[in-house]
Amino acid sequence: MSDKQRNYTAAGFKALQDELDHIRHVDMERNKKDIAQARSFGDLSENSEYDEAKNEQAKLAARAFELEELIKNAHVVDDSEIDSSVVSVGSIVEVHNQERDKDITYHIVGSYETDPVHGKISDQSPIGQALIGARTGDQIPVELPNGNTVHLHILSVSRA
């Protein structure tokens, strides 16, 4: 995998494509109308609506370019080629945090799909990296960015 290439679940990759499609076909079309309407207000040198619409146009173009790059460099993890007993992108992993004496469920996703509130952690995060390649029953020490180490016992591994 190259430095630019990132892993995605099929759902995460589709979300990128959907966002790009929405920007191109909805947001940019609406922005064109906003620019045309602002032009109709007259003198562009003192037209704040025109300036705002042009700034929005630049933001939309930048985000579209960013999404195109992410899509171009995406590696979609094919579930059919993966051993479901081994933690990888797309796995749902139930672990027991020994320091907290608490069971936690993580969904391992690509780095642009993270949603920690819903248990989706990146394969590039310290915990995600430590879990990749592990199996049910493994004991995994994870060094956190703050210097602390947590010990995770893998209770189960399944596919999303």
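Given the structure is predicted, the values throughout are model-derived calculations rather than measurements.

J.: Report on the sheet that holds strand β3 (residues 91-97), specifying residues and quantitative values.
T.: Judged by pairing direction, the sheet is mixed, and its five strands sit side by side in the order β5-β4-β3-β7-β6 without closing on themselves. The open sheet is flanked by β5 (120-122) and β6 (139-143), the only strands paired with a single partner. Pairwise comparison of adjacent strand axes, ignoring direction, gives a mean angle of 45 degrees for this sheet. Examined bridge by bridge, strand β4 (residues 102-109) and β5 share three bridges and lie parallel to one another. Bridging across to β5, Val109 finds its partner in Ser122.

J.: An account of the pairing of strand β7 (residues 149-159) is requested, with residue identities and associated values reported.
T.: The side chains of a regular strand alternate between both faces of the sheet. Strand direction decides the pairing type here: β3 and β7, joined by seven bridges, are antiparallel. Among the inter-strand pairings, Ser91 is bridged to a residue of β7, identified as Arg159. Here β6 folds back onto β7 in antiparallel fashion, the turn holding five residues, of which Gly147 has a positive phi close to 95 degrees.

J.: Kindly report on the side chain of Thr9, identifying the contributing residues and their values.
T.: Take Thr9: it is sitting in the loop between β1 (6-8) and α1 (10-39). A polar contact of 3.0 Å, which involves the side chain of Thr9, links it to the backbone nitrogen of Gly12. Setting aside anything within four residues of it in sequence, one finds Thr9 in contact with Val76, Val89, Gly90, Ile108, Val109 and Glu113.

J.: Explain the pattern of salt bridges residue by residue, including any values.
T.: Inspection of the entire model under this criterion finds seven salt bridges. Note that Glu29 and Lys32 form a salt bridge whose closest N and O atoms lie 3.4 Å from each other. With Glu29 and Lys32 both in helix α1 and three residues apart, the pair spans about one turn of that helix. Classification of Glu29 by relative accessible area gives partly exposed; the value is 36%. Linking Arg63 and Glu66 is a salt bridge whose minimum nitrogen-to-oxygen distance equals 2.7 Å. Here Arg63 pairs with Glu66, and both are found in helix α2 (residues 48-72), just three residues apart, close to one helical turn. The class for Glu66 is partly exposed, based on a relative accessible area of 37%. In the salt-bridge network here, residues are joined through shared partners; they are Glu19, Arg63 and Glu66.

J.: Kindly report on unusual backbone geometry, identifying the contributing residues and their values.
T.: You will see that Asp101, though not glycine, has its phi angle at about 50 degrees, which is positive. With respect to the helices and strands, Asp101 occurs in the loop between β3 and β4. The class of Asp101 is exposed, set by a relative accessible area of 59%.

J.: Give a description of the nonpolar core that names residues and reports values.
T.: Residues Val87, Val95, Tyr106, Leu131 and Ile154 are the most contacted members of the largest nonpolar core, which totals 16 residues. Elements represented by at least two residues in this core include exactly β3, β4, α3 (126-131), β6 and β7. The element that contributes the greatest number of residues to this core is β7, accounting for four residues. Those residues in contact with Ile154 that sit more than four places away from it in its chain are Val87, Val93, Glu94, Val95, Leu131, Ala134, Arg135, Thr136, Gly137, Asp138 and Ile140. In this structure, Leu16, Leu20, Leu60 and Ala74 belong to the second largest nonpolar core, which totals ten residues.

J.: Quick one: what's the story with α2, residue by residue and with numbers?
T.: Taking 1.5 Å per residue, 25 residues should reach 36 Å; α2 reaches 36 Å between its end C-alpha atoms and fits that length. Inspection of α2 places Tyr50, Ala53, Leu60, Ala64, Leu67 and Leu70 among the buried residues, and these make up the whole buried set. Elements that come into contact with the buried residues of α2 comprise β1, α1 and β2 (74-76).

The rules we used
Residues numbered from 1 in each chain as written. Predicted model: local features only at pLDDT ≥ 70, side-chain atom pairs only at ≥ 80, totals over all residues. Heavy atoms only, no water. Pairing = 2+ DSSP bridges. Helix = DSSP H or I, 4+ residues; strand = E, 2+ residues; numbered from the N terminus. Axes fitted to C-alpha atoms, helices over the stretch in contact; angles between N-to-C directions. Polar contact = N/O pair within 3.5 Å; in protein donor to acceptor, adjacent residues only side chain to side chain. Contact = heavy atoms within 4.5 Å. Salt bridge = Lys/Arg side-chain N within 4 Å of Asp/Glu carboxyl O. Buried < 20%, exposed > 50% of the residue type's maximum accessible area, 1.4 Å probe, protein only. Core = buried A, V, L, I, M, F, W, Y, C linked by side-chain atoms within 4.5 Å. Expected span 1.5 Å × (residues − 1).

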